[in-house]
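Structural overview for review
In case you want the letters, here they are:
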Amino acid sequence: TVEKEIRFGPEVLKMSEGKVKEMTEYSASLTGLTGEMEENPYNLPLSVRKFVTIASIIAMDTDIIILDEPTAGQDIKGIRLLENMLKELTARGKTIVTITHDMEFVVNNFHKVFVMAHKNLLKITNILSKIGTASAKIGINKLNIVAALNAPSKAIILNINPKKLAPESPIN
């Protein structure tokens, strides 16, 4: 069931039964799954199954959450749910790293962006300091992959090799 899937991580981490229950209920609520807890995850549409996976990670109460293409296959309702979830988790002190091609989602939800292409870091930019269209705000095109970051603290350290940067796109 969806509930068993969400509970699995906290149980493996040997959280107390009370904490497992609390984190399962919290993550299900945050991801809109409270009405799906007794369903088999494979009976759910792919867009909802993504939230089962996300809820499973949230339930483990990690400090850093990495989302890979979370908006893929989501309708506007799913995207709004993701946006509200990001706000809530960031407010709780969680660091969210998202890998995505969805520039509108990035511009609307993240303040720091790492632009990458062909295994190279091209640019690090602060979206809030830029103006214009979504793509212009972060100076990229759709061929680039973006790692976007919401971090309430300076807890992330990136080991960046400056020799790997494209000379025409300096880090700013």
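Throughout what follows, the structure given in this document is the object of discussion. Note that the coordinates shown come from a computational prediction; the quantities given were computed from them, not determined experimentally.

1. A closer look at the overall build of the chain
Secondary structure summary: the chain contains six helices and five strands in total. Each helix (α) and strand (β) of the chain, taken in turn from the N terminus, gives the series α-α-α-β-α-β-α-β-β-α-β. Across the 172 residues that make up the chain, the buried fraction comes to 41%. A total accessible area of about 10100 Å² is found for the chain, and carbon and sulfur atoms account for 56% of it.

2. Focus: the packing of helix H1 (residues 2-12) against helix H3 (residues 46-59)
Contact geometry of H1 with H3 gives a least axis separation of 7 Å together with a crossing angle of 35°. In this structure, the crossing between H1 and H3 has a hand that is right-handed. Across from Val2, Glu5, Ile6 and Pro10 in H1, the residues of H3 making contact are Val52, Ala55, Ser56 and Ala59. Tallied by class, residues from the contact of H1 with H3 come to six nonpolar, one polar and one charged.

3. Considerations on the nonpolar core
The biggest cluster of nonpolar side chains holds 27 residues, and the ones touching the most others in it are Ile6, Leu33, Ile58, Met85 and Leu89. If you list the elements that add at least two residues to this core, you get H1, helix H2 (17-30), H3, strand E1 (64-68) and helix H4 (76-91). Broken down by element, the residue count for this core peaks at six residues, all from H3. When residues no more than four places from it in sequence are discounted, the contact partners of Leu89 are Tyr26, Leu30, Ile58, Ile65, Lys94 and Ile96. In this structure, Val106, Val113, Val115 and Leu122 belong to the second largest nonpolar core, which totals five residues.

4. Focus on the environment of His101
Residue placement: His101 occurs in the loop between strand E2 (95-100) and helix H5 (103-109). For His101, a relative accessible area of 37% puts it in the partly exposed group. The spacing of His101 and Pro70 is 31 residues in sequence and 10.0 Å in space, taken between C-alpha atoms.

5. Brief notes about the pattern of salt bridges
Under the criterion given, the structure shown has seven salt bridges. The shortest N-O distance in the salt bridge between Arg7 and Glu11 comes to 3.1 Å. Within this pair, Arg7 and its partner Glu11 are both found in helix H1, separated by four residues, close to a single helical turn. By relative accessible area, which is 39% here, Glu11 ends up partly exposed. We note a salt bridge from Glu25 to Lys21, for which the minimum N-O separation is 3.8 Å. On the criterion of helical spacing, the pair formed by Glu25 and Lys21 is a turn pair, its members being four residues apart in helix H2.

Reading guide: rules and limits
Residues numbered from 1 in each chain as written. Predicted model: local features only at pLDDT ≥ 70, side-chain atom pairs only at ≥ 80, totals over all residues. Heavy atoms only, no water. Helix = DSSP H or I, 4+ residues; strand = E, 2+ residues; numbered from the N terminus. Buried < 20%, exposed > 50% of the residue type's maximum accessible area, 1.4 Å probe, protein only. Areas by Shrake-Rupley, 256 points an atom, 1.4 Å probe, with all protein chains shown as cover. Axes fitted to C-alpha atoms, helices over the stretch in contact; angles between N-to-C directions. Left-handed = near helix turned anticlockwise from the far one by under 90°. Contact = heavy atoms within 4.5 Å. Nonpolar A, V, L, I, M, F, W, Y, C, P; charged D, E, K, R; others polar. Core = buried A, V, L, I, M, F, W, Y, C linked by side-chain atoms within 4.5 Å. Salt bridge = Lys/Arg side-chain N within 4 Å of Asp/Glu carboxyl O.

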